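Below are the chains, spelled out letter by letter.
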Amino acid sequence: MAPPETERLILREMQPEDSAAILAIFADDYARRFYPEMTTESAAGEWIARNCDRYQRDGFGLWAIIDKASGALIGDCGPTWQDIGGPRALEIGYHVAPAWRGRGIALEAARAAIAFGFAATDEKEIGSIVAPDNVASASVARRLHRDMRSYVNARGLERFFFFTRRDQHAST
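Residues numbered from 1 in each chain as written. Predicted model: local features only at pLDDT ≥ 70, side-chain atom pairs only at ≥ 80, totals over all residues. Heavy atoms only, no water.

(A) View of the pairing of strand β7 (residues 158–165). Within β7, 6 of the 8 residues are buried, which leaves it mostly tucked inside the rest of the structure. Sheet topology places strand β5 (residues 125–130) next to β7; 6 bridges connect them, and they run antiparallel. Paired with V130 across the bridge in β7 is F160. The pairing of strand β6 (residues 147–152) with β7 spans 6 bridges and is antiparallel. The residue of β7 that forms the bridge with Y151 is R159. Once β6 ends, the chain turns through 5 residues before running back antiparallel as β7, passing G156 with a positive phi of about 80°. (Buried < 20%, exposed > 50% of the residue type's maximum accessible area, 1.4 Å probe, protein only. Helix = DSSP H or I, 4+ residues; strand = E, 2+ residues; numbered from the N terminus. Pairing = 2+ DSSP bridges.)

(B) Molecular detail of the nonpolar core. In this structure, M14, I22, I65, C77, I92 and Y94 are the most contacted members of the largest nonpolar core, which totals 48 residues. For this core, the element with the highest residue contribution is helix α4 (residues 105–120), accounting for 10 residues. Apart from the residues within four sequence positions on either side, Y94 is in contact with D76, C77, A106, A110, S128, V130, S137, V140 and A141. Counting 5 residues, the second largest nonpolar core, distinct from the first, contains I84, A89, F161 and F163. (Core = buried A, V, L, I, M, F, W, Y, C linked by side-chain atoms within 4.5 Å. Contact = heavy atoms within 4.5 Å.)

(C) Local environment of the packing of α4 against helix α5 (residues 135–144). Remark: α4 packs on α5, axes separated minimally by 10 Å, with the N-to-C direction vectors making an angle of 45°. One way to sum up the angle between α4 and α5 is to call them oblique. Classified by chirality, the crossing of α5 by α4 is right-handed. Side by side, α4 and α5 meet where A106, L107, A110, R111 and I114 of the first sit next to V140, R143 and L144 of the second. A class-by-class count of the residues in the contact of α4 with α5 yields 6 nonpolar, no polar and 2 charged. (Axes fitted to C-alpha atoms, helices over the stretch in contact; angles between N-to-C directions. Parallel < 35°, antiparallel > 145°, perpendicular 65-115°, else oblique. Left-handed = near helix turned anticlockwise from the far one by under 90°. Nonpolar A, V, L, I, M, F, W, Y, C, P; charged D, E, K, R; others polar.)

Structural data, given as structure tokens:
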């Protein structure tokens, strides 16, 4: 199944030459607070390599978000398998470059990714993991999903898991 497209966005598999653009997504202090490891092109290259492995293994992963109007790589979004303190969960992650935030890009891409996730898998629920102090991501997750529960991750940090059940998604 090919990555989805929206009115304004193309989601496509990341490529090694995307490392500078991927690094730019995490270029500000706010994003680095949640992704402190994303400070070098090497770290961005590892991020891309992990997602390329996911494409091969799972058929999906975080995809590059491309703005149709400009052709610019402006973020990443997609489904990935994550540990949430029990059975693994299909999570919709999203990250948008600082200059593109506040335009509904994350929500638009995430809505396409959740629809893809339900179409490509038989998962009963799909969610998004958010640090309690990540106000921007929580705002997107509240609009994307129907419910929320908290859990403590493997590093002992509290996280919110916003989620939508398959039967809820079909009714939206």
